[in-house]
Amino acid sequence: YAVERRRAEAEHARRLQEEAARREAELALLAERERAAQQERELRAIQQLSHPPSAVTSAALGLNALRRAAPDDFDAMLGDYSALVQRALERRAYRVDHDLSSPLRALADRLGFLGAGPRDVVELHTGALRDCLNGATAERAQALVGEGRVLLVELMGLLISYYRTYRHQPT
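### A short note on the packing of helix α5 (residues 101–113) against helix α7 (residues 138–166)
Between two packed helices, what matters for the description is the angle formed by their axes and the separation of those axes. Packing of α5 against α7 brings their axes to within 9 Å, and their N-to-C directions diverge by 55°. By the criterion of interaxial angle, the relationship of α5 to α7 is oblique. Between α5 and α7 the crossing geometry is right-handed. The residues of α7 that touch α5, namely those facing Ser101, Leu104, Arg105, Leu107, Ala108, Asp109, Leu111, Gly112 and Phe113, are Leu151, Glu154, Leu155, Leu158, Leu159, Tyr162 and Tyr163. Grouping the constituent residues of the contact of α5 with α7 by class yields 11 nonpolar, two polar and three charged.

Written as structure tokens, this is what we have:
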């Protein structure tokens, strides 16, 4: 009887451990799905800011999305901005001394020269984040989104600075 009771207790303990491990795995999976959903919601919210005006309004105001007006330049800047997001993460995570200010300023100057607006910058940002997040782990994705936010704000500021400097000079 004692041997059988001992075996039943061991079996019960094993089942409890398996059930606890299963619950823990399910919770981790739910947390991962929630993080992914949160990142997707954030990207969609940012992307909604970049929806262009209607074709009639764009034509009337002379506004064209940079992606359509200069697709080769946009794709090149998308690659450059994606690399900057990756380097920003490396700088934060590994304490690597990457100079981000100079390339970010050069990117803002290129955007300004091409007449880019805030929607173009947001479109560039969301495209780069989508590229960077593809296949990233949850922790890396979260860090990339955080670093991307900082770069987006800095890039917007540099673009504003470009327009203040080059568009409003007295002639």
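Back to the text.
### What to know about the pattern of salt bridges
Using the criterion set out here, one finds 13 salt bridges in the structure. Linking Arg92 and Glu147 is a salt bridge whose minimum nitrogen-to-oxygen distance equals 3.1 Å. Residue Arg92 is found in helix α4 (residues 71–94), and its partner Glu147 is found in helix α7; the two are separated by 55 residues along the sequence. Judged by relative accessible area, Arg92 falls into the partly exposed class, the value being 44%. Here the residues in one salt-bridge network are Glu11, Arg14, Arg15 and Glu18, joined through shared partners.

Cut-offs used in this document
- Residues numbered from 1 in each chain as written.
- Predicted model: local features only at pLDDT ≥ 70, side-chain atom pairs only at ≥ 80, totals over all residues.
- Heavy atoms only, no water.
- Axes fitted to C-alpha atoms, helices over the stretch in contact; angles between N-to-C directions.
- Helix = DSSP H or I, 4+ residues; strand = E, 2+ residues; numbered from the N terminus.
- Parallel < 35°, antiparallel > 145°, perpendicular 65-115°, else oblique.
- Left-handed = near helix turned anticlockwise from the far one by under 90°.
- Contact = heavy atoms within 4.5 Å.
- Nonpolar A, V, L, I, M, F, W, Y, C, P; charged D, E, K, R; others polar.
- Salt bridge = Lys/Arg side-chain N within 4 Å of Asp/Glu carboxyl O.
- Buried < 20%, exposed > 50% of the residue type's maximum accessible area, 1.4 Å probe, protein only.

So, to be careful, I would describe these as geometric facts and stop short of saying anything about function.
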